[in-house]
Amino acid sequence: MIKNLRKISNQIFSLFYPNLCAGCHNDLVSYEKIICLSCWETLPKTNFHTREKNPIEQKFWGKINIQHATSFYYFNKECRLQEILHALKYRKQYEVGILLGQKMGVDLTYATWINDIDVIISIPLSKEKMRFRGYNQSESIAQGLSAVLNIPINADAVSRIKNTESQTNKNISERFENVKDAFAVVDKEKIKNKHVLLIDDVLTTGATLEACAREILSIENCKISIATIAYAMD
Ligand SMILES: [Zn+2]
């Protein structure tokens with residue numbers, strides 16, 4: 001109930017104050033768009049994209065065969081990224097995802113492996129969640145990335161076939177159980193022989209990404225790399 005009230009009040013807030021920063025709610029100056037310069041500067045980058053065997057890649061070791069994995073920023077409850085991602089997920093600020101995707105895309109141009117990627121796929125939402133939120137927040141990140149990296153998006157090849165509960169209050173094994181069999185590849189031809197960059201907003205245990213990647217990897221000659229905006233250490 002309190003959570004819902006917070007969501008509603010946040011949506012009203014953005015409606016009346018569109019020129020305030022999504023992270024700190026201060027006024028934006030003319031050259032700033034959606035997120036202020038000071039907020040961008042406080043966001044802690046991981047630079048994992050240039051580090052082999054980084055902690056994100058290690059998350060998937062022994063589970064699924066991935067080529068590369070990275071998260072752009074560290075996520076913790078005190079950092080402004082939490083408020084920024086809140087704007088993306090609950091305050092209808094789709095453009096926040098595009099901006100974050102563009103920023104990550106610029107840094108990813110320095111990753112030697114990025115040139116091998118054929119297609120970008122974002123973790124799909126269930127139909128119920130799409131109806132509720134009106135958009136897929138990970139798709140907005142994929143759009144920003146695609147624009148900078150000039151790599152196409154495929155939004156139809158994979159779909160979410162199970163309406164899973166929120167992962168927030170679940171322990172690690174419950175999280176893996178919750179998303180098991182949640183995804184299906186619906187158009188195998190489109191991703192056959194492709195190196196897919198799989199996108200999500202936040203990585204915590206990696207359960208959701210793993211479940212989705214597992215389905216993609218079952219397709220003939222597919223390779224997977226993973227990129228998320230935030231890494232929430234569990
Ligand atoms: Zn700010």
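Because the structure is predicted, anything quoted here is derived from the model rather than measured.

A.B. asks: I'm lost on the overall build of the protein in this one. Help?
C.D. replies: Across its full length, the protein holds 10 helices and 6 strands. Each of the three principal axes of the protein carries a C-alpha extent, and together these read 50 × 40 × 30 Å. Here the protein holds 234 residues, and the buried ones make up 51% of them. Pairs at least 24 apart in sequence give 74% of the contacts found in the protein among residues at least 6 apart. Within the structure as shown, the protein displays about 12,000 Å² of accessible surface, and the carbon and sulfur contribution to it stands at 49%. If you average the places of the 30 positive and of the 26 negative side-chain charges in the protein, the two averages end up 3 Å apart.

A.B. asks: Help me out: how do you make sense of a nonpolar patch on the surface in this one?
C.D. replies: Taken together, the side chains of Val-29, Tyr-31 and Leu-37 define a hydrophobic patch exposed on the protein surface, amounting to about 310 Å² of accessible area. Position of Tyr-31 relative to the elements: it lies in the loop between helix H1 (2-16) and helix H2 (37-42). Tyr-31 gets classed as exposed once you look at its relative accessible area, which sits at 61%.

A.B. asks: Hey, could you run me through the nonpolar core in this one?
C.D. replies: The tendency in soluble globular proteins is for nonpolar side chains to be buried side by side. Formed by 40 residues in total, the largest nonpolar core has its most connected members in Ile-35, Leu-81, Val-96 and Leu-197. Of all the secondary structure elements, the ones that give two or more residues to this core are H2, strand S1 (69-75), helix H4 (80-90), helix H5 (94-108), helix H7 (137-149), strand S5 (195-203) and strand S6 (223-232). Contact partners of Leu-81, with chain neighbours within four places excluded, come to Leu-43, Tyr-73, Tyr-74, Phe-75, Ile-229 and Ala-230. Membership of the second largest hydrophobic core comes to 30 residues, among which are Ile-121, Ile-123, Val-158 and Tyr-231.

A.B. asks: What exactly am I supposed to notice about the pairing of strand S2 (residues 119-122) here?
C.D. replies: Two faces, one strand: in a regular strand the side chains alternate between the faces of the sheet. Of the two faces of S2, both are covered, the one formed by Val-119 and Ile-121 as well as the one formed by Ile-120 and Ser-122. Here S2 pairs with S5 via 4 bridges, running parallel. Residue pairing across strands places Ile-120 opposite Leu-197, the latter belonging to S5.

A.B. asks: What am I meant to see in the sheet that holds S6 here?
C.D. replies: Pairing between the strands of a sheet comes from backbone hydrogen bonds, and it takes one of two forms, parallel or antiparallel. On the basis of which strands lie adjacent, the open sheet formed by 4 strands has the order S1-S6-S5-S2 and parallel pairing. At either margin of the open sheet sits one strand with a lone partner, and together these are S1 and S2. Looking at each pair of strands side by side, their axes are set apart by 20 degrees on average, direction ignored. Bridging between S1 and S6 involves 6 bridges; their strand directions are parallel. Its bridge partner being in S6, Phe-75 is matched across the sheet by Ala-232. H5 contacts S1 and S6 of the sheet and is inclined by roughly 125 degrees relative to S1. Along the sheet face, H7 touches S2, S5 and S6 and points at about 125 degrees away from the line of S5.

A.B. asks: Whenever I open this one, the coordination of the zinc ion confuses me. Can you help?
C.D. replies: In ideal tetrahedral geometry, four donors around a metal make angles of 109.5 degrees, whereas ideal octahedral geometry with six donors gives angles of 90 or 180 degrees. Looking at the metal site, the zinc ion is ligated by Cys-21 (SG), Cys-24 (SG), Cys-36 (SG) and Cys-39 (SG), spaced 2.3 Å from it. If you look at the zinc ion, its 4 donor atoms make angles of 106 to 114 degrees with each other, and the shape they trace is tetrahedral. Between the donor residues of the zinc ion, the gaps in sequence give the motif C-x2-C-x11-C-x2-C. With a gap of 12 residues between them, Cys-24 in the loop between H1 and H2 and Cys-36 in the loop between H1 and H2 connect regions that are remote in the sequence. For Cys-24, a relative accessible area of 21% puts it in the partly exposed group. The exposure class of Cys-36 is buried, given its relative accessible area of 6%.

A.B. asks: Help me understand the environment of Thr-205 in this model?
C.D. replies: Tracing the chain through its elements places Thr-205 in the loop between S5 and helix H10 (207-217). Residues Thr-205 and Asp-234 lie 29 residues apart in sequence; the distance between their C-alpha atoms is 6.8 Å. In this structure Thr-205 touches Lys-59, Ile-172, Arg-175, Phe-176 and Asp-234, once residues within four positions along its chain are discounted. In this structure the side chain of Thr-205 is engaged in a polar contact, spanning 3.2 Å, whose partner is the backbone nitrogen of Ala-207.

Cut-offs applied
- Residues numbered from 1 in each chain as written.
- Predicted model: local features only at pLDDT ≥ 70, side-chain atom pairs only at ≥ 80, totals over all residues.
- Heavy atoms only, no water.
- Helix = DSSP H or I, 4+ residues; strand = E, 2+ residues; numbered from the N terminus.
- Buried < 20%, exposed > 50% of the residue type's maximum accessible area, 1.4 Å probe, protein only.
- Contact = heavy atoms within 4.5 Å.
- Areas by Shrake-Rupley, 256 points an atom, 1.4 Å probe, with all protein chains shown as cover.
- Lys, Arg positive; Asp, Glu negative; His and termini not counted.
- Charge placed at Lys NZ, Arg CZ, Asp CG, Glu CD.
- Patch = residues over 30% accessible without salt bridge, like charges linked within 9 Å, V, L, I, M, F, W, Y side chains within 5 Å.
- Salt bridge = Lys/Arg side-chain N within 4 Å of Asp/Glu carboxyl O.
- Core = buried A, V, L, I, M, F, W, Y, C linked by side-chain atoms within 4.5 Å.
- Pairing = 2+ DSSP bridges.
- Axes fitted to C-alpha atoms, helices over the stretch in contact; angles between N-to-C directions.
- Donors = N, O, S within 2.8 Å, 3.2 Å for Na, K, Ca; no water.
- Tetrahedral: all angles 85-135°; square planar, octahedral: opposite > 155°, others 65-115°.
- Polar contact = N/O pair within 3.5 Å; in protein donor to acceptor, adjacent residues only side chain to side chain.

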